[in-house]
2 protein chains.
Amino acid sequence: MNEEARGKAILKATPSELAPAEEIIAGNVVLLTKILARLPRKSIARFKSVSKHWLSLLSSIAGCGGDDLYKELWKACAGPLVDIPRVGERVLEASTNVEPNQRSPLFNPLNLPSQIICIVMDIQLRAERDTDEVYAVITLLPEQDQSEPTSPDSYPPEPLTPMLKSFCKVLTASDTISGFTVPQRLANECLPALDMNQQSPMQELIAKDLHGAEWRFKHIFRGQPKRHMLATGWSRFVSSKRLVAGDSVVFLRGENGELRVGVRRAAHRQSTMPSSLITIQSMHLGLPAATSQALAHQTIFTVPNKPRMSEFIVGLNKYLDAVNNRFRVGRRFKMRFAGEDCTIVGVEDLSAHWENSKWWSLRVQWDKAASISRPDRVSPWEIEPITCTLLFGVALRNPPDAR
Amino acid sequence: MNEEARGKAILKATPSELAPAEEIIAGNVVLLTKILARLPRKSIARFKSVSKHWLSLLSSIAGCGGDDLYKELWKACAGPLVDIPRVGERVLEASTNVEPNQRSPLFNPLNLPSQIICIVMDIQLRAERDTDEVYAVITLLPEQDQSEPTSPDSYPPEPLTPMLKSFCKVLTASDTISGFTVPQRLANECLPALDMNQQSPMQELIAKDLHGAEWRFKHIFRGQPKRHMLATGWSRFVSSKRLVAGDSVVFLRGENGELRVGVRRAAHRQSTMPSSLITIQSMHLGLPAATSQALAHQTIFTVPNKPRMSEFIVGLNKYLDAVNNRFRVGRRFKMRFAGEDCTIVGVEDLSAHWENSKWWSLRVQWDKAASISRPDRVSPWEIEPITCTLLFGVALRNPPDAR
DNA sequence: TTGTCTCCCGGCGGGAGACAA
DNA sequence: TTGTCTCCCGCCGGGAGACAA
């Protein structure tokens, strides 16, 4: 979406609520950007209380609704370890914009620094229309002060999210070729209760996915011994979403009883389909060009962000946290997402064009040979020191022994 | 494909045929490019006779084979009026790289001229993996002499293409829900003859599509009156390719009897799916950035080209031909592809950033209101004066009265 | 010549419990 | 508790000619 269209979309969303003065500003995102760029950073975080209209302008107007349930479903589909920055937060954007395992030439024709400090102006949580793969589109405004950060920023505490019941199940072979066996806990916590007095209890469930599409499932209680199952409608869902054994489904139940359903594909099934409308070369030049333009004119620019695929943004606090750890060659770590162990075998610049960049600065070696290709370079914030706390499956952001 | 990989692919293709000196050069496409850039333009066209190895290096090594049949099938799927430049030809590339009906801001941050004269170094004819939509990836080398061309270039005559039998049929409703009724002429000209002595003649046809995938069809002769039909295998093809009534299928028969099959979707069903790996903004900045870099360093760059969708390249001779026509406001024309009539209502620059650019300089008005969106701006070479010759369905490139 | 209909049969998909890990 | 198998029934998809444009 280009800037002009976005301004219009926002206006359309809440036209009657806007006071005239705000309307003029809100209608022109470029103008608003310029104003915001002149304000101290902390003001942005405070907009939340200053103006609800501006908050809505700055907040996600994403996809189908942007309601709490949508956001929770998105996060559930993205996986537990994906964290997305908040609006108003300071982040670092990697202007290299190219992953090291793609063997593309790493030029730096625009002489950009290796990373740029930005404020998050907007986050849109989206899902790929055909694969349901989740991604975020993040709108950034370059900071005027680009000096290397030293101390973490402080933000108001995250508002408490409503307690939602959710459940994720990895599909078995039987689930994909026959009906879906509903685990007991999922049935108890997330599904409306069946009337067990009836001889063959049955009800129809309606669950919305990330695109707002409704899926109808016949929820029954059968088999010997009896169990909860999803029958009619389930196979349509499986084939439409092209699910196979090993993929996961997520069920989510809102406080009002509303049901949501999402999918998460097995790690090795990630699909990237570069558009034929653009070449790889142009793709790699496009984002640096946009970044450079935004940096020069202090205007917003937009970055796509695919969890686990192409992440060019890291929260400032997370960055500081990671680089303050002393990464020695030989130290053993766990990859944040893959969950596999690896060892650091070198610390070096990704490219001579960006000296002292922390992005993909760690050369690593994996313990086990894997069928799926894994990166041989990672960024400090993508890995997790192996500590005893991990044995309990708890992924702490600040493991005590790593400081 | 990046440059390094391409060099390797070429080496792999004909390793034993290459003399050592050529091998070193051919292995380094960047080096070769620099050498070619120093040569006068006409030498490029003459490489055809100088070195078969270099010709193969410069020619398409596209998709699955790049054989004649593939090329002919690609052209048949693209449609009769699509013309792709030849390797060695001079073309103009629109550095605006953005279509006027997309409402994106037309900046020119790199101060590029409105068009750049290039030599075509390579053309790869490809098809979208999931939709079979055809497109070309064209590798260009900017010319050192960028002065406005005045006289057309001359090239050796196009080598005669082998006479191939081909047939295109628009699918009826019955074709998509039941078997495919083979038109008499298609059966006679393109399919192997059935043994009509048998009581129920039948044979299996194997046809390859643009991806090299083989499709098997049971070819039978039945019904009352008798007719040729494709039965078993046909419905798989229809659902795999997601064909509906109104789409077309193309059959092609090589001289050796080899069968090919392709699809062409109805005009209003064109699908564009921008990749979520890149934003629209970056996409529009990417190609200008690549162009600018190539222009500055006299290196090759690559442009994707979708017939009827996004075409940023026009042959130099075609360009001269078109701009030498006097386009008056009020003159009536036919759109090259849509086949619909329209009237020129204005001649103006697309944007103040590119003055006197011929790209999308004609503001037009369509005779009939249409359900599908049609451009309100076209380039001079995209339209065809309405002449009596068109009544015979012959699309002349240089209609005599238009000069 | 070829588009559409209807009829008819066989196979496959889904709905059920059985059984075992 | 839940993954997999098998059985069985109903219906839908495809294979055939009829008929008309």
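The rules behind these values
- Sequence order sets the numbering: in each chain, residues are counted from 1 along the sequence as written.
- Just so you know, chain letters begin at A and ligand numbers begin at 1, following the order they were written in.
- This being a predicted model, a pLDDT of at least 70 is required before a residue's local features are given, and a value of 80 or more before pairs of side-chain atoms are given or counted; all residues contribute to the totals for chains, interfaces and linings.
- Neither water nor hydrogens contribute to the side-chain values; these are computed over all heavy atoms in the structure.
- UniProt positions are given in the numbering used here, feature names are shortened, and annotations may be inferred rather than shown by experiment.
- Runs of H or I in DSSP of at least four residues are treated as helices and runs of E of at least two as strands, each being numbered from the N terminus.
- Between buried and exposed lies partly exposed: a residue is buried under 20% and exposed over 50% of the maximum accessible area for its type, with that area taken using a 1.4 Å probe on protein chains only.
- Only heavy atoms enter the contact rule, under which two residues are in contact if any of them lie within 4.5 Å.
- We get accessible surface area from the Shrake-Rupley algorithm with a probe of 1.4 Å; when it comes to residues, only the shown protein chains can shield them.
- We treat two strands as partners when DSSP finds at least two bridges between them.
- In this description, a line fitted to the C-alpha atoms serves as the axis of each element, helices being fitted only across the stretch in contact, and the angle between N-to-C directions of two axes falls anywhere from 0 to 180 degrees.
- What makes a residue near a molecule or strand is one non-hydrogen atom of that residue sitting within 4 Å of it.
- The definition of a polar contact used here is a pair of N or O atoms within 3.5 Å, where within protein one atom must be able to donate a hydrogen and the other to accept one, and adjacent residues in sequence count solely through side-chain atom pairs.
- Classification used: nonpolar for Ala, Val, Leu, Ile, Met, Phe, Trp, Tyr, Cys and Pro, charged for Asp, Glu, Lys and Arg, polar for all others including Gly.
- By convention, a stacked pair of Phe, Tyr or Trp rings (six-membered ring in the case of Trp) has centres within 6.5 Å and planes under 30 degrees apart, an edge-to-face pair has planes over 60 apart, and any other such pair is tilted.
- Every residue gets a pLDDT, meaning the predictor's confidence in that residue, from 0 to 100.
- To estimate the expected span of a helix, count its residues, drop one, and scale the result by 1.5 Å.
- Every angle not falling under 35 degrees, over 145, or within 65 to 115 is termed oblique; those three ranges are roughly parallel, roughly antiparallel and roughly perpendicular.

Named according to an unreviewed UniProt entry, chain A is Auxin response factor originating from Rhododendron simsii. What UniProt states about chain A under its Sequence similarities (unreviewed entry) heading is, verbatim, "Belongs to the ARF family."

Peer 1: What am I meant to see in the overall build of chain A here?
Peer 2: From N to C terminus, chain A includes 11 helices and 17 strands. A burial count over chain A gives 49% of its 403 residues as buried. Here the contacts in chain A between residues at least 6 apart in sequence split such that 64% fall between residues at least 24 apart. Accessible surface, chain A: about 20000 Å² in total, of which carbon and sulfur atoms supply 53%.

Peer 1: Sorry, what's going on with the UniProt feature "domain: TF-B3" (unreviewed entry) in chain A here?
Peer 2: The UniProt record marks residues 180–267 of chain A with the feature "domain: TF-B3" (unreviewed entry), using the residue numbering of this structure. End C-alpha to end C-alpha, residues 180–267 of chain A measures 21 Å, and it is 16% helix and 39% strand.

Peer 1: Is there a simple way to explain the sheet that holds strand 6 (residues 202–208) of chain B in this structure?
Peer 2: What links the strands of a sheet is backbone hydrogen bonding, and the strands pair in either a parallel or an antiparallel sense. All names here are of chain B. Sheet architecture is open: seven strands sit in the order 4-9-10-6-7-8-5, paired in mixed fashion. Since the sheet does not close on itself, it has two edges, and those belong to strand 4 (165–170) and strand 5 (180–181), each with one partner. Across two bridges, the pairing between strand 6 and strand 10 (residues 259–264) is parallel. Its bridge partner lying in strand 10, K208 is registered against R260. Of the strands in this sheet, strand 6, strand 9 (248–253) and strand 10 touch helix 6 (residues 68–78), which is tilted by about 25 degrees from strand 10.

Peer 1: Quick question: what am I supposed to make of the protein's contact with DNA strand C here?
Peer 2: Taken together, 20 residues sit near DNA strand C, with Q224(A), S174(B), Q184(B), P225(B) and R227(B) positioned nearest. Separating a phosphate oxygen of DNA strand C from a backbone N or O atom of G223(A) is a distance of 3.0 Å. Note that a phosphate oxygen of DNA strand C is positioned 2.9 Å from one of the backbone N or O atoms of Q184(B). Tallied by class, the residues present in the surface near DNA strand C amount to six nonpolar, eight polar and six charged.

Peer 1: How should I be thinking about the packing of aromatic side chains in this particular structure?
Peer 2: Working definition: an aromatic ring pair is given by the centre-to-centre distance plus the angle between the planes. Applying the stated rule across the entire model yields 16 aromatic pairs over all chains. Relative to W381(A), the ring of W359(A) lies with its centre 4.8 Å away and its plane at 80 degrees, an arrangement referred to as edge-to-face. Taken together, the residues W359(A) in the loop between strand 14 (341–347) and strand 15 (362–366) and W381(A) in the loop between strand 16 (377–378) and strand 17 (383–385) connect sequence positions 22 residues apart. Here W359(A) and W381(A) have matching classes, each one buried. Both rings, one in W234(B) and one in F237(B), keep their centres 5.5 Å apart while their planes meet at 35 degrees; by these two values the pair is tilted. Residue W234(B) and its partner F237(B) are located together in helix 9 (residues 234–240), separated by three residues, close to a single helical turn. Within the aromatic cluster, the residues linked to one another by ring pairs are F180(A), W215(A), F217(A), W234(A), F237(A) and F251(A).

Peer 1: Where do I start with the protein's contact with DNA strand D in this structure?
Peer 2: As a matter of local geometry, DNA strand D sits amid 19 residues, with K169(A), Q184(A), P225(A), R227(A) and Q224(B) nearest to it. Backbone sugar and phosphate groups make up 51% of those atoms of DNA strand D lying within 4 Å of the protein. Within the backbone of A173(A), an N or O atom sits 3.4 Å from a phosphate oxygen of DNA strand D. Between DNA strand D and the protein, one listed contact pairs a base nitrogen with a side-chain N or O atom of R227(B) at 3.5 Å. Residue assignment for the surface near DNA strand D shows that the elements contributing at least two residues are helix 7 (173–177) of chain A together with strand 7 (214–222) of chain B. Partitioned by chemical class, the residues of the surface near DNA strand D number six nonpolar, eight polar and five charged.

Peer 1: Please clarify how helix 11 (residues 316–323) of chain A should be interpreted in this entry.
Peer 2: An α-helix turns once every 3.6 residues. As a result, residues three or four positions apart point the same way. For helix 11 of chain A, the buried fraction is high: seven of the eight residues fall into the buried class. Among the structural elements, strand 1 (90–94), strand 2 (115–127) and strand 12 (313–315) of chain A are those in contact with the buried residues of helix 11 of chain A.

Peer 1: So what exactly am I meant to see when it comes to the side chain of E143(A) here?
Peer 2: Among the structural elements, E143(A) can be located in the loop between strand 3 (134–142) and strand 4 (165–170). In this structure the side chain of E143(A) is engaged in a polar contact, spanning 3.5 Å, whose partner is the side chain of R90(A).

Peer 1: Honestly, the environment of A187(B) in this entry has me stumped. Any pointers?
Peer 2: Residue and element names in this part refer to chain B. For A187, the position within the fold is in helix 8 (residues 184–190). Its relative accessible area of 7% is what places A187 among the buried residues. In this structure, A187 is in contact with V182 and H228, ignoring residues within four places of it in sequence.

Peer 1: I keep staring at the pairing of strand 10 of chain B and nothing clicks. Help me out?
Peer 2: When a strand is regular, its side chains alternate between the sheet's two faces. Residue and element names in this part refer to chain B. Among the six residues that make up strand 10, five are buried, leaving the element largely enclosed by the rest of the structure. Summarising the sheet, strand 9 and strand 10 pair through six bridges and their orientation is antiparallel. Residue F251 lies in a different strand from strand 10, and its bridge partner there is V261. Count of turn residues in the strand 9/strand 10 antiparallel hairpin: five residues, of which G257 carries a positive phi of about 90 degrees.

Peer 1: Mind showing me how you'd approach the confidence of the model for chain A here?
Peer 2: For any part of a model where pLDDT is low, the fine detail of the predicted coordinates should not be relied upon. Residues and elements named next belong to chain A. Considering every residue of chain A, the mean pLDDT works out to 75; 70% of them sit at 70 or more. In the predicted structure, residues 1–30 sits below a pLDDT of 50 and forms 35 contacts with residues beyond four places in sequence or in another chain. Across residues 44–65, where pLDDT falls below 50, the model places 44 contacts with residues more than four positions away in sequence or in other chains.

Peer 1: Help me out: how do you make sense of the sheet that holds strand 7 (residues 214–222) of chain A in this one?
Peer 2: All names here are of chain A. Strands sit in the order 4-9-10-6-7-8-5 across an open sheet of seven strands; the sheet is mixed. Both outer strands of the open sheet, strand 4 and strand 5 (180–181), are each paired with one neighbouring strand and no more. The strands touched by helix 6 (residues 68–78) are strand 6 (202–208), strand 9 (248–253) and strand 10 (259–264); relative to strand 10, the strand with the most contacts, the crossing angle is about 25 degrees.

Peer 1: Sorry, what's going on with unusual backbone geometry here?
Peer 2: All names here are of chain A. Cis geometry is adopted by the peptide bond preceding P225, which originates at Q224 and carries an omega value of 5 degrees. Notably, R242 is not glycine yet its phi reads approximately 55 degrees, a positive angle. Within the secondary structure layout, R242 lies in the loop between helix 9 (234–240) and strand 9. For R242, a relative accessible area of 48% gives the class partly exposed.

Peer 1: Help me out: how do you make sense of helix 10 (residues 280–297) of chain A in this one?
Peer 2: Residue and element names in this part refer to chain A. With 18 residues, helix 10 extends 26 Å from end C-alpha to end C-alpha; this agrees with the ideal 26 Å at 1.5 Å per step. Those residues of helix 10 that sit buried are S282, M283, H284, L285, G286, L287, P288, A289, A290, T291, Q293 and A294. Positive phi appears at Q298, one or two residues downstream of helix 10, with a value of about 55 degrees.

Peer 1: Please explain the side chain of H211(B) as it appears in this structure.
Peer 2: Here H211(B) shows up in the loop between strand 6 and strand 7. Of note is the side chain of H211(B), whose polar atom sits 3.5 Å from the backbone oxygen of A127(B).

Peer 1: Sorry, what's going on with the packing of helix 10 of chain A against helix 10 (residues 280–297) of chain B here?
Peer 2: The relative placement of two packed helices comes down to the angle between their axes together with the axis-to-axis distance. Contact geometry of helix 10 of chain A with helix 10 of chain B gives a least axis separation of 6 Å together with a crossing angle of 105 degrees. Judged on the interaxial angle alone, helix 10 of chain B and helix 10 of chain A are roughly perpendicular. Two secondary-structure elements touch here, helix 10 of chain A through Q281(A), S282(A), L285(A), G286(A), L287(A), A289(A), A290(A) and Q293(A) and helix 10 of chain B through Q281(B), S282(B), L285(B), G286(B), L287(B), A289(B), A290(B) and Q293(B). Partitioning the contact of helix 10 of chain A with helix 10 of chain B into residue classes produces eight nonpolar, eight polar and no charged.

Peer 1: Explanation requested: the pairing of strand 14 (residues 341–347) of chain B in the structure shown.
Peer 2: Residue and element names in this part refer to chain B. Pairing geometry for strand 13 (residues 332–335) and strand 14, over three bridges, is antiparallel. Bridge pairing in strand 14 places R332 opposite T343. As paired strands, strand 14 and strand 15 (residues 362–366) are joined by five bridges and run antiparallel to one another. Residue pairing for strand 15: V347 is matched across the bridge by L362.

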